[in-house]
Amino acid sequence: MQDQDNVTRILDAFRSTDAPLLPVLQAVQAEFGFVSEAAMREIANALNLSRAEVYGVVSFYHDFRMEPPAQPVVKLCHGEACQARGLRQLLTQMTRIEQEQLEPVYCLGLCAVGPAAMSPNGGVHARLDAGSLRQLLEDPR
Ligand code: FES
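Basis of the calculations
- Positions within a chain are numbered from 1, following the residues in the order the chain's sequence is written.
- With the structure being a predicted model, the display of local features is reserved for residues of pLDDT at least 70 and the display and counting of side-chain atom pairs for 80 or more, all residues being used for whole-chain, interface and lining totals.
- Excluded from the side-chain calculation are hydrogens and water; included are all heavy atoms of the structure.
- For every domain, the bounds stem from an assignment made automatically or drawn from a database.
- Interaxial angle, 0 to 180 degrees, is taken between N-to-C directions of lines fitted to C-alpha atoms, where a helix line uses only the stretch in contact.
- In DSSP terms, a helix is any run of H or I states spanning at least four residues, a strand is any run of E spanning at least two, and both are numbered starting from the N terminus.
- Just so you know how the angles are binned, under 35 degrees is roughly parallel, over 145 roughly antiparallel, 65 to 115 roughly perpendicular, and the rest oblique.
- Throughout, a crossing is termed right-handed when the near helix is turned clockwise from the far one, and left-handed when it is turned anticlockwise from it by less than a right angle.
- By definition, residues are in contact when any of their heavy atoms lie within 4.5 Å.
- Each residue gets one label: Ala, Val, Leu, Ile, Met, Phe, Trp, Tyr, Cys and Pro are nonpolar, Asp, Glu, Lys and Arg are charged, and the others, such as Gly, are polar.
- Relative accessible area decides the class of each residue, using a 1.4 Å probe on protein chains only: under 20% of the type maximum gives buried, over 50% gives exposed, and in between gives partly exposed.
- Any Phe, Tyr or Trp ring, taking Trp's six-membered ring, that has another such ring centre within 6.5 Å forms a pair; planes under 30 degrees apart are called stacked, those over 60 apart edge-to-face, and the others tilted.

A. Up close: the domain arrangement of the chain. Taken domain by domain, the chain holds domain 1 (4–60) and domain 2 (74–138). Taking only C-alpha atoms into account, the centre of domain 1 sits 30 Å from that of domain 2.

B. Spotlight on the packing of helix α2 (residues 21–32) against helix α3 (residues 37–47). It is at 11 Å that the axes of α2 and α3 come closest, and there the two elements cross at 150°. Considering the angle they form, α2 stands roughly antiparallel to α3. Crossing angle aside, the handedness with which α2 passes α3 is right-handed. Here L21, V24, L25 and V28 of α2 lie close against α3, whose contacting residues are A39, I43 and L47. Here the residues of the contact of α2 with α3 sort into seven nonpolar, no polar and no charged.

C. Spotlight on unusual backbone geometry. Between G114 and the following residue, P115, the backbone shows a cis peptide bond with an omega angle of -5°. Along the chain, P115 falls in the loop between β2 (102–105) and β3 (117–118). Phi at N48 takes a positive value of approximately 60°, unusual for a residue other than glycine. For N48, the position within the fold is in the loop between α3 and α4 (51–60). Residue classification places N48 among the exposed positions, given a relative accessible area of 72%. Of note in the backbone geometry, R127 takes a positive phi value of approximately 50° without being a glycine. Among the secondary structure elements, R127 is positioned in the loop between β4 (124–125) and α8 (130–138).

D. Main features of the packing of aromatic side chains. Scanning the entire structure with this criterion turns up two aromatic pairs. When the ring of F60 is compared with that of Y61, the centres are 5.0 Å apart and the planes differ by 90°; the resulting orientation is edge-to-face. The class of Y61 is partly exposed, set by a relative accessible area of 38%. Both rings, one in Y61 and one in F64, keep their centres 6.2 Å apart while their planes meet at 90°; by these two values the pair is edge-to-face. The exposure class assigned to F64 is buried, which follows from its relative accessible area of 12%. Cluster of aromatic residues (ring-pair linked, three or more members): F60, Y61 and F64.

Printed below as a string of structure tokens:
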């Protein structure tokens, strides 16, 4: 459950921002890991938008979640440079359960040092091999 006071605090922080919807949604997602129905309702009310408008933005962008993640998810780059640097072989070394904890993304800006991943707190990790990726899944930071 997202604490309503925290959503209100985030809304207050962006109240004077032009076009605050995306920054507010990003801040809510960063704090809670997802954007709940209640948060969308509060954001819509505070920004004088319809709930459909807020829902439309949340559902449009792949990075927003409407449900809490079942487990920490690590974003693993599937971009071309990371593929060229051994992504496919890396994936074959991961178990099915480990692979389910990996969310594919396309380029984290670390192309020269891939395969690359991003942990739930935004930390980036480069030159991954099976051991370091497994360690990141066990202790995402
Ligand atoms: S392609 Fe993977 S970081 Fe750019």
